[in-house]
Structure formats: C-alpha cells, structure tokens
Amino acid sequence: MDYQYLANILFSDVTETPEDMEKKYPPRDLKEGAIVSRMAPSPTGFVHLGNLVQGITSERLAHQSGGVLFLRVEDTDRKREVEGAVEILIKTLSHYGIHFDEGASADGDVGIYGPYYQSQRAAVYHVYAKQLVLQGQAYPCFCTEEELEQMRAEQEKEGANFGYFGKWAKWRDRPIEDIEAKLKEGTPWVLRFRSTGNIENKFKFNDLIKGEVEVTENDIDHVLLKSDGIPTYHFAHAVDDHLMRTTHVVRGDEWLPSLPFHIQLFKALGFKLPKYCHIGPLMKMDGNSKRKLSKRKDPELALTYYKAEGFPVESVYEYILTVLNSNFEDWRRANPDADAGDFKFSYKKMNPAGSLFDYMKLKDVSKNVISKMSAERVYELATEWAQEFDEEFYKLLTADKARSIAIFSIGRGGNKPRKDYAVWSELKGYMGFFFDEYFKIEDSLDEKFDKSLVSRIISDYKDIYSAQDGQDVWFDKIKALGEKYGFASNMKDYKASPENYAGSVADISGFIRLAVTGKNSSPDMYQVMTILGEEKVKQRLAAWASELAG
Ligand code: GLU
C-alpha cells in the first residue's frame, strides 16, 4: 500500500506537518519540577463533586509546584453539550478556589496553546491523523452502523471478544482501489488506529496514585476520527496533552482501561508519555456496602446541593482535602489556624481505591470551619445564602446588622468556640427565636415539675429581671429565686442529696431558657437576654407564665 498516496487523498487539505505543530506549541519554559496539569471537562452543565476532586488535585499539583493549570473544553460530543455549561463550570470552580492560569475562560481563550475548545482544533488533529496514515498506523473504515451491529452479533454467537480487530477488522488491509471507490461514492468513513497489540501480552505501568498496575495490550483498531472529522476522546487526549505540554494527566480511573490504547497512541505519534494520576471514585456507604456516588440516586453529588444547603465553600474544600490526603487531618490538628492552601498536598497520600464520602463528617468539618470564622464573616456568608434561598430570613437578618452580628458573636472566639451549625440552612433553627416571627415554645417542660409552680417562678423572675444587671448579679438573682422555691443554688449540694431539694439552679435556668428561647438548649442565656432586650424578655416570661397557669 502506498501510504503517501492514501494520506494525500484522505487529507488533501492538510498542508501543515507535525514539525510545524511543534513550533506552534513549543515546550513550556518552566522551572524544574513544575507540573502542568489541566481539567478537561465535557460541557454537560452538571458540575459535581468528582469535578471538584479532580480540580483540587490538579490545581494543587500545578500551583504547589510553580506550574500551570489550564482548562480545556472537550466539546467533541455535540449531543451532550448544554448551552452556558462552560461559564457555569468556570464560575463554580472559581467559587471553590480553583482558578485557571490558562485556557478557556469567561472572556475567551487565554494562552498560546489554544484553541482550548476541542471543536475548534480539527485542523490540528488532522495533521496528526495524516501522519499516522503516512506511517501505516491508521486507515479509513467505511463500515456502516448495520455492518458493525452484525459484526457484534456474530462475535456474540461465536463467543469471541467484541470490537473491531483481527479478522473482524474488514477495512484494515483493503486494497487502495476499494478505498477509492468508496470515497468516490461519498460513503462516510472513520479513521481507525492500526493496532499491533496482542491481548496475550500484559505489561506493568506506574500510575502515580494507583501505583504499579498490570494492564493488557490493546488489540482493537479504535476510532481516531469520527465521520465528521471530529476526534474521539483518545486521539484528542494524545494530541492535545502533548501539544499543550501537560506533564500530569489527572483524571477519573474510568479511563484506566483505555490506558494501553493511549500508550500506543503516544508512541505511534512520537510523543513523550505524560505522567498519569488516575483518581478512584467517590463512594458512599449504602447499608453495609460501599457504592459509587451516582448522579441519579445521590443529590449530594451535585455541587449545587452544597450551595443550597448553605455549606461554606471553605468547608467543602477542607473536607475534600480530608478525603483526598490521609494526612490532612493530622496537619489540621497541628495547624488549626493555618490556611488550607498551606497544606502540602501529595498524590502519594491519595487512596488508590477511591475515597469514602461521609456526609456527617463533612458536617463536622463544616462546624469546625464556621466556629473559627469571625461573626462578621458569618453574617456576610449567611446573608448571602439567605438572600438566594430564604428571602424572609434574609430580611430579618439584615434589618439590624449590628444585632445579627451580636447574635453570631455569642460563643465565638476563645479556645473552645461553640459549634452549633454546619450549614446556613440550620441557622434559623438555631437562632430563629431572636425574631418574634419565628419564636414559639418548641420544647416542653419536664413533666416532673408542677406547671403552676414553674409559672410562679417565671412570673417572679419577670419582676426581678433587669437588663442593667451584670452577669454576676444576673446569676445571683436566679440562684436566690431558686432558693426561695426550694431549689439548690449550689450544684454540689444538690448532687450530694437531691432528695432535699425541689431541683437545682440549673432547672431554674432551664425554665427561663424555655420561656425566652422556646428551647431546652441554647447559647449563653445572659448574652441571649441582653440581645433580646428587657422588654422582649419580660414579654416572653409573662406570656409563658400565663400559659402555664392555664
Ligand atoms: N472529558 C473527559 C471527561 O470528562 C476528560 C478526562 C480527562 O481529564 O482526560 O471525563
């Protein structure tokens, strides 16, 4: 076969050569050890935790090493494409702290290695397609859908492996006359790789996350260019990651089975193989077994879910680091106040089998993250969330900013800040009682206490409470009130002989708490009452006292 002739009739319009491409896309001038990594999503409009995991991994590896992170849009499958998907992706990732140095951006392409949309790179792929034909490593295939279906049916009948290979590869060694005849008829064709692999052969490959893996050679003549001249993922991956000078390909391990083919392709094209980091899937416990998070079953896979729940971005980011690097938690304990970006991220600390996603753990992490924020920051983030997801609450929170910040200040700061809420959607439950619009007696009085007695205590307390009192006087008054009704003012005495008392000062505080907040637990009552103000406190005490009196 005259490959030169074949290459010329298939790609008559290609005038550039691989050498021209090398000049157009020169090696990057980066310091030793700098990693060039990328995200290469398909614009489906759905941004999920898996994207974030991959994004954070790529971003950390690139930026920690003084390298480059770029965004390439893999829009070769027009059927899956969704309008505006790239903007959504860029916005979402940047919200989570993933900023690209180069590539597709909201303002068009940035960088000299573009275009960064695969749909705009047909001419580049064709240069290499032509080269492979010239080398006898690719050939056109004119099989119709029906013929391929028939092939599959026969393979099934014979118990043979599926795919276009060996004797099934009808166009692999067809004479040039047949090819020309088909071309003349205008029959659509795809370009296939001429594989010389043998599935009897296995070889070892070193993946940076998985470690040494044994893989089987590829013997399938996979498609490189579809009938519209658009490349398949595999071919575009090889050409783009070579020309864009990617040093580390970080991607999901669903691509691992295609790796032998990718290795063949890089070799056939004369490209240096990049390093691969195949990330295992995110899993969750379902009953007693683990399974992959699924788009259909698990709403928590979508990043929009975290926004709607009101997880601060920092919490999700911090949690993903916890999941991705087994030493992150230890580091965090040793460096409680450090910026998460100071952590030395390493692919060596990633679990080759994938990570378990634990929602409760995420909430714990988030409680911790929020507990360290300033009240002003909590105000800023909580109102931002409420504005979008709870307009009524937003209005109440912003009606008196100073008061809201005072509420958020309760229990904040010091060595042991309170950890009451993990997401902004829990705030209303936690602090709603500060607003009459949400206040109601939610919890009930312990049945062991007589309602009319408690009513009298509360009513008495209403008469002695003064917002002018300092915390000591405030507490002394509560103790004295308890004593008057036979409640121990000293917990030690009470514990030593509870039978001598009607209860303790803790019970008295509990009554007041229930009257004022509607709950049996709340943040520091002295501060709560100070913020509520004397009038409102007394109003609530009076209302509950009369309710209890019946
Ligand atoms: N478009 C591919 C995907 O979304 C990219 C995989 C890769 O990063 O190479 O799975």
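Details of the structure are given in the entry above.
Here is a short report on the structure shown in this document. (Residues numbered from 1 in each chain as written. Predicted model: local features only at pLDDT ≥ 70, side-chain atom pairs only at ≥ 80, totals over all residues. Heavy atoms only, no water.)

### Some thoughts on the overall build of the protein
What counts here: Under the scheme used here, helices are H or I runs from DSSP no shorter than 4 residues and strands are E runs no shorter than 2 residues, and both carry numbers assigned from the N terminus. For the radius of gyration, the atoms used are the C-alpha atoms, and the globule rule reads 2.2 Å times the number of residues raised to 0.38. Any pair of residues with heavy atoms lying within 4.5 Å of one another is described as a contacting pair. Positive residues here are Lys and Arg, negative ones are Asp and Glu, while His and the chain termini are left out of the count. Note that the charge is assigned to NZ on lysines, CZ on arginines, CG on aspartates and CD on glutamates.
Scanning the protein for helices and strands turns up 23 helices and 15 strands. Taken over the C-alpha trace, the protein has a radius of gyration of 33 Å; the compact-globule value for 550 residues is 24 Å, which it surpasses by more than 25%. In terms of overall dimensions, the protein has C-alpha extents of about 110 × 50 × 40 Å along its principal axes. In the protein, of all internal contacts separated by at least 6 residues, the share reaching a separation of at least 24 is 73%. Computing the positive centroid from 73 side-chain charges and the negative centroid from 86, the protein places the two 3 Å apart.

### Description of the pairing of strand β4 (residues 138-141)
The side chains of a regular strand alternate between the sheet's two faces. Put simply, the test is: Buried means the residue's accessible area, taken with a 1.4 Å probe over protein chains only, is under 20% of the maximum for its type, while exposed means over 50%, and partly exposed covers the values in between. The pairing criterion is simple: DSSP has to find at least two bridges between the two strands.
Side chains A138 and P140 of β4 all project onto a buried face; the interleaved residues Y139 and C141 project onto the opposite face, where all are buried too. Pairing analysis gives 4 bridges linking β4 to strand β5 (residues 190-193), with the strands arranged antiparallel. Note that in β5 the partner of Y139 across the bridge is R192.

### Structural notes on the pattern of salt bridges
Counted only if it meets this: Any carboxyl oxygen of Asp or Glu within 4 Å of a side-chain nitrogen of Lys or Arg constitutes a salt bridge here.
Taken as a whole and assessed by the stated rule, the structure comprises 38 salt bridges. Residue R377 pairs with E314 through a salt bridge whose shortest N-O separation is 2.8 Å. With R377 in helix α14 (residues 375-389) and E314 in helix α11 (residues 313-324), this pair connects stretches of sequence that are 63 residues apart. A salt bridge links E318 to R332; its shortest N-O distance comes to 2.4 Å. You can see E318 sitting in helix α11 and its partner R332 sitting in helix α12 (residues 328-334), a full 14 residues away along the chain. Note on E318: relative accessible area 10%, which makes it buried. When salt bridges with common partners are traced through the structure, they connect R38, R72, E74, R121, D240 and D241 into a single cluster.

### What to know about the site of the ligand
Formally: Near, as used in this document, describes a residue that has one of its heavy atoms within 4 Å of the molecule or strand being considered. Whenever a nitrogen or oxygen atom comes within 3.5 Å of another N or O atom, the pair is scored as a polar contact, on the condition that within protein one atom can donate a hydrogen and the other can accept it, and that pairs from neighbouring residues in sequence are kept only if both atoms are in side chains. Here the accessible surface of atoms and residues is derived via Shrake-Rupley with a 1.4 Å probe, and residues count as covered only by protein chains that are part of the display.
Lining the immediate environment of the ligand, one finds R38, A40, S42, E74, Y233, V250, R251 and W255. Taking R38, its side chain carries an N or O atom lying 2.7 Å from an oxygen atom of the ligand. Contact distances for the ligand include 2.7 Å between a nitrogen atom and a side-chain N or O atom of E74. Its free accessible area being 300 Å², the ligand has 82% of it covered by the protein chains.

### Quick notes on unusual backbone geometry
In this structure, P115 follows G114 across a cis peptide bond, with omega equal to -5°. The topology assignment puts P115 in the loop between β3 (102-103) and α5 (122-134). Even without glycine at this site, R245 takes up a positive phi of about 60°. Mapped onto the fold, R245 is located in the loop between α8 (233-243) and β9 (248-252).

### Considerations on the sheet that holds strand β11 (residues 282-286)
Reading across the sheet, the 3 strands line up as β12-β11-β13 and stay open at both edges, with mixed pairing between neighbours. With one partner strand each, in any of the chains shown, β12 (289-292) and β13 (355-356) form the two edges of the open sheet. Across 2 bridges, the pairing between β11 and β13 is parallel. In the strand pairing of β13, M283 is matched with L356.

### Re the packing of helix α1 (residues 3-10) against helix α7 (residues 176-185)
Rules: In this description, a line fitted to the C-alpha atoms serves as the axis of each element, helices being fitted only across the stretch in contact, and the angle between N-to-C directions of two axes falls anywhere from 0 to 180 degrees. Roughly parallel refers to an angle under 35 degrees, roughly antiparallel to one over 145, roughly perpendicular to one between 65 and 115, and oblique to any angle outside these ranges. Think of it as three bins: nonpolar holds Ala, Val, Leu, Ile, Met, Phe, Trp, Tyr, Cys and Pro, charged holds Asp, Glu, Lys and Arg, and polar takes everything else, Gly as well.
Axis separation between α1 and α7 bottoms out at 12 Å; the angle between their running directions is 5°. When the interaxial angle is binned, α1 and α7 end up roughly parallel. Contacts from Y5, L6, I9 and L10 of α1 reach α7 at I176, I179, E180 and L183. Considered class by class, the residues forming the contact of α1 with α7 number 7 nonpolar, no polar and 1 charged.

### As for the side chain of R38
Relative to the elements of secondary structure, R38 occurs in strand β1 (residues 36-39). In this structure R38 comes out as buried when scored by relative accessible area, which is 2%. Only 3.0 Å separates the side chain of R38 from the side chain of D241, close enough to count as a polar contact. Beyond its immediate stretch of four places on either side in the chain, R38 contacts Q54, S58, L69, F70, R72, Y233, H237, D241, T246, H248, V249 and V250.

### A closer look at the packing of aromatic side chains
Test applied: Each Phe, Tyr or Trp ring (for Trp, its six-membered ring) is paired with any other whose centre lies within 6.5 Å, and the angle between the two planes then decides the class: stacked below 30 degrees, edge-to-face above 60, tilted in between. In our convention, an over-ring charge means Lys NZ or Arg CZ found within 6 Å of a ring centre and within 35 degrees of that ring's normal.
If you walk through the whole model with that rule in mind, you get 30 aromatic pairs. Ring geometry for W474 against Y526: centres 5.3 Å apart, planes inclined by 65°, an arrangement best described as edge-to-face. On the criterion of sequence distance, the pair formed by W474 in helix α19 (residues 471-484) and Y526 in helix α22 (residues 525-532) is long-range, its members being 52 residues apart. Classification of Y526 as buried rests on a relative accessible area of 18%. Among the aromatic residues, those joined into a ring-pair cluster are Y305, Y306, F311 and Y359. The ring of F435 has R403 lying over it, and the distance from NZ or CZ to the ring centre is 5.4 Å. Over the face of the ring belonging to F439 we find R540, whose NZ or CZ atom lies 3.7 Å from the ring centre.

### Here we look at the packing of helix α18 (residues 451-464) against α19
Here is the rule we go by: If you view the pair so one helix is near and one far, a crossing is left-handed when the near helix is turned anticlockwise from the far one by less than a right angle, and right-handed when it is turned clockwise.
Two numbers describe how α18 lies on α19: the axes approach to 11 Å, and their chain directions differ by 145°. Helix-helix and strand crossings are classified by hand; for α18 and α19 the assignment is right-handed. Listed contacts from α19 to I457, D460, Y461 and I464 of α18 are W474, K477, I478, L481 and K484. By residue class, the composition of the contact of α18 with α19 is 6 nonpolar, no polar and 3 charged.

### Points about the pairing of β12
For β11 and β12, the ladder comprises 4 bridges, and the chain directions are antiparallel. Residue D286 lies in a different strand from β12, and its bridge partner there is S289. Here β11 folds back onto β12 in antiparallel fashion, the turn holding 2 residues, of which G287 has a positive phi close to 65°.

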